[in-house]
Each structure stands twice: as C-alpha cells, then as structure tokens.
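Single-letter residue listing:
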Amino acid sequence: MNSQESWKIGMLFSTTGVTAIIEQSQLNGTLLAIDEINARGGVRGRMIKPVSYNPGSIVSNYGEMAEKLIVDDKITALFGCYMSSSRKEVLPIVERRNALFFYPTLYEGFEYSPNVIYGGATPNQNSVPLANYLMNTFGKRIFFVGSDYIYPRESNRVMRNVLRQGGGEILGERYLGFDTTEEGFADIAREILDMKPDAIFSTVVGQMCIDFYRAYHAAGGDGRMCPIASLTTNEAEIAAIGPEAAVGHITAAPYFRTISSPANRKFLKAYKEKFGTVSDVTSCCEAAYSQMHMFAAVLEDVGEMDTERLHDALLGLTFDAPQGQIKIDPDNNHTYLQSRIARVDVNGEFVIENKLRRSVKPDPYLVYPEIHDRKFRTQKVIQTTL
Ligand code: ACM
C-alpha cells in the first residue's frame, strides 16, 4: 500500500425506512468526525475514505452489506446499525471474518463480542437511573409500550426487574408491529389513558415513535401530567413530533444537545457548518462521532488495519467527547458514559433535569446495580442551557 492510498472504512446507516431519522444523524456524526480527521492531515498522512451502503432499515440487508463491505470492498473496520436486530445480523459476519465493528447505539445489554466496540448506553447507564427518577418523581405505576423486536422486549425485561426491585407495578405491556396503522396507535393511546398510569416507558423507535407520541397527544395525553419516558426518543424525533405533542416527555441518555460545555459548543458549531442545522443532533449521533475519533486515534498508533492490534489499543482509551470524558472499558468492550435525564420544554427543547455525578462503568450483564444503589440516583441539575 503506498502512502497516498486512503484508509477505507465501511458504513451501514439507513437513510431510508423506519429508522432513517436516527441513523441519518449517526451517519452525519461519523462523516463530521471523518472531515475533522482528514482536515488535520488524516491518519499518518493518509485520508479516511468511507464506503457507505444504505440498508433501508431492512434487517437482513445489514448482514448482507456487512459481508459485501468485508469481502468485495476488502474493508475490516465497520461502523453502523441502530436497531439491535440489525446488529445481531452483522455480529456473526464480523466474527467469522474477524473485522472490527463499531456500534454507536444504546441497547439492551447481555451481549459481548470480541469484534464489537459498543458506544451506546447499557441498561445500568440509562434504565436504572430512569427507573429511580420516574418512581421518585411521578409514581410507581408504569405502562410499557414498545416496537416489536428484540431491543424493546429485552429492555422491558430489565426495566420490569428494576422497577419491581423498587416496588413499582407494570400496568400493561404492549408491542406494536412495524406495520401499525394510525388507528392501532390511537387504540394503544386510549388504552393507556384508561389505565391512568403515573408514567409510560416507551421503547418505540424511529418513525413509529413520532406516530405514537402524536397519537397519545391526539387522544388527550399530556406529557406534563403523565409523561412518556424513553431511551430512544432523541432530538431528531422530538423535532419531528413537534413541541405541542412532545412537551413534558422524558428521555434518559448520555448526551443532549443542550449540554453547556466548550466541547459540546465546538461540536455543534462544526456540525452546523457542515449540515446547516443542529436540529437532528442526538446522543446516537454524538456516539458515532466519538467512536470515529477513537478509531482514528488508535489507527494513528497502530499504523495498520489489524483487527487485533486496533482492538487492543482501543481498550482503556479515553476521549473528551461532547458529553464529557468517555472511556472504553477493557473488561467488556463497552463504554463508560455520562447518564442524564431530560424533559422536553414548551419550545420542544430538552432541558436536562438530573444527572449522575460521574461517568458510569458499563455493566452489560447487570451484575452489580440495584435500584437501591445510591450510585444510580441522579442529582438535580441547576444550570442547563447553552
Ligand atoms: C436498539 O434497538 N438498540 C435501539
């Protein structure tokens, strides 16, 4: 390979289909990081060149396209996926072909692969603090609604256990197929309002989440009285839902656009210069941005696309991300992340209400945390906006 040749990396983010709204934000975060790396001279003088396919939010496409990136395009570093079902398609491919796969999305936990670097939150980093917050702030009667696939079902299994540890009660648990009609969303909204829960825990994703929040509002639901709490409703979805239907609802995530810090201001300024708006900057976009920078840092050290050497160099690596400092945990390939809880205000902007004091070690198998552990009780945030 001569010194002029670029470093090829593969990207699998959907720009069409049900999760396009969030995956486009992840794609943008990755592209912004690549621009920044290339603008400072690339890695060892060579540019990073993305090869990108659009799986169209169709789960089987992710596996097929991962295979194509590795076999036809001869790429061994892949970035992508939002839905856990799509990650599960890519997993056996990267393991068989010994590629390195960066996954910038929160998920249900209970997984480890030596070929994956997990950049999103695990349940101890988002579900446990959110359960504490909901029960202390609103009450213990919670209704579950999710899209019908692995992440919502597994995430709810964890949330159910955590809530029950704290004396919570699950009033109902419903799953919506990806083909749910407007009337289907309206039925669920009416059923929830009839049950009068203290809060709703939603694991509905992508475009479905927009339809669900709007249906809840249309049926008379008000986030200021009985909020929908989620791990997957980010800034991009809130912008699409609109402030009227979004106000009062709650999300737990490591990052929100409204974080007041020099690192976040720098990130948002660069994002706006490249994409013209920051309305779709989300925690998954920020995770994708950080993962690309961490990859470039270890590639600079290692100097070759060697999966084992890159993997070893990533373990224990820290990065000053827009959310604050993060670190790849050498114990499990997941990431130490911040934990914040925010509520949508009347302008459709997340206001950060609570946070944990320090970044949280990922515990994908939920070995340690308990709802009563003070480590997972968030503190009130005073200063919140930029
Ligand atoms: C997800 O499916 N991990 C959001």
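Just above, that's the structure.
Basis of the calculations
- Residues numbered from 1 in each chain as written.
- Predicted model: local features only at pLDDT ≥ 70, side-chain atom pairs only at ≥ 80, totals over all residues.
- Heavy atoms only, no water.
- Helix = DSSP H or I, 4+ residues; strand = E, 2+ residues; numbered from the N terminus.
- Contact = heavy atoms within 4.5 Å.
- Buried < 20%, exposed > 50% of the residue type's maximum accessible area, 1.4 Å probe, protein only.
- Phe/Tyr/Trp six-rings, centres within 6.5 Å; stacked < 30°, edge-to-face > 60°.
- Expected span 1.5 Å × (residues − 1).
- Pairing = 2+ DSSP bridges.
- Axes fitted to C-alpha atoms, helices over the stretch in contact; angles between N-to-C directions.
- Polar contact = N/O pair within 3.5 Å; in protein donor to acceptor, adjacent residues only side chain to side chain.
- Disulfide = S-S within 2.5 Å.
- Salt bridge = Lys/Arg side-chain N within 4 Å of Asp/Glu carboxyl O.

Caption draft 1: Examining the environment of lysine 68 more closely. Along the chain, the position of lysine 68 falls in helix H2 (residues 59–71). In the structure, lysine 68 is positioned 291 residues away from serine 359 in sequence and 37 Å away in space, judged by C-alpha atoms. In this view, lysine 68 contacts Tyr53 and Asp73; residues no more than four positions away in its chain are not counted.

Caption draft 2: How the structure looks around unusual backbone geometry. The phi dihedral of phenylalanine 110 is positive, around 60°, even though this residue is not glycine. Phi is positive for asparagine 333, which is not a glycine, with a value near 70°. Its place among the elements puts asparagine 333 in the loop between strand E12 (324–328) and strand E13 (335–336). Asparagine 333 gets classed as buried once you look at its relative accessible area, which sits at 1%.

Caption draft 3: Geometry of the packing of aromatic side chains. Throughout the structure, instances matching the rule amount to 17 aromatic pairs. A centroid spacing of 5.4 Å and a plane angle of 20° characterise the contact between tyrosine 107 and tyrosine 118, whose relative ring orientation is stacked. One end of the pair, tyrosine 107, is in the loop between strand E4 (100–103) and strand E5 (116–118); the other, tyrosine 118, is in strand E5, with 11 residues separating them in the sequence. Assessed through its relative accessible area of 0%, tyrosine 118 is described here as buried.

Caption draft 4: Inspection of helix H11 (residues 283–302) at higher detail. Here H11 is 20 residues long and its end C-alpha atoms lie 28 Å apart, about the 28 Å a rise of 1.5 Å per residue gives. Burial analysis of H11 places 17 of its 20 residues in the buried class, the great majority of the element.

Caption draft 5: Looking closely at the sheet that holds strand E2 (residues 48–53). Strand order in the open sheet made by the 5 strands is E2-E1-E3-E4-E5, with parallel pairing throughout. Every other strand in the sheet has two partners, leaving E2 and E5 as the edge strands with one partner each. Taking each pair of neighbouring strands and ignoring which way they run, the sheet shows an average axis angle of 25°. Strands in contact with H11 are strand E1 (7–12), E2, strand E3 (77–80), E4 and E5; relative to E3, the strand with the most contacts, it is inclined by about 170°. Running at roughly 40° to E4, helix H12 (residues 307–314) makes contact with E4 and E5 of the sheet.

Caption draft 6: Region of the structure containing the side chain of asparagine 126. As for its position among the elements, asparagine 126 is in the loop between E5 and helix H4 (127–137). Sequence-distant contacts of asparagine 126, that is, excluding residues within four places in its chain, are made with Leu106, Ala121, Leu231 and Ala252.

Caption draft 7: The arrangement of the side chain of threonine 378 in detail. With respect to the helices, strands and loops of the structure, threonine 378 is situated in the loop between strand E15 (350–355) and strand E16 (379–380). Side chain to side chain, threonine 378 and asparagine 354 meet in a polar contact 2.8 Å long. Sequence-distant contacts of threonine 378, defined by excluding residues within four places in its chain, comprise Pro129, Tyr133, Ile341, Asn354, Lys355 and Leu356.

Caption draft 8: View of the state of the cysteines. Scanning the entire structure with this criterion turns up 0 disulfides. For the unlinked cysteine cysteine 81, the closest cysteine sulfur is that of cysteine 284, found at 12 Å. Cysteine cysteine 284 shares no disulfide, and the gap to the nearest cysteine sulfur, in cysteine 285, comes to 8.9 Å.

Caption draft 9: Main features of the pattern of salt bridges. Tallied over the entire structure, the rule returns 18 salt bridges. When the shortest N-O distance is used, the salt bridge between glutamate 67 and arginine 96 registers 3.0 Å. Within this pair, whereas glutamate 67 is found in helix H2, its partner arginine 96 is found in helix H3 (residues 84–97), the two being separated by 29 residues in sequence. In this structure, the salt-bridge partner of glutamate 154 is arginine 157, at a minimum N-O distance of 3.0 Å. Of the two residues, glutamate 154 and arginine 157 both sit in helix H5 (residues 150–165), 3 residues apart, roughly one turn of that helix. What makes glutamate 154 partly exposed here is its relative accessible area of 25%. The structure contains a network of salt bridges with shared partners spanning Arg87, Lys88, Glu108 and Glu111.

Caption draft 10: Examining the environment of isoleucine 34 more closely. Within the element layout of this structure, isoleucine 34 appears in helix H1 (residues 20–39). Remark: the alpha-carbon pair of isoleucine 34 and threonine 251, spanning 217 residues in sequence, is separated by 28 Å. Excluding residues that lie within four positions of it along the chain, isoleucine 34 makes contacts with Ile9, Met11, Ile48, Pro50 and Met292.

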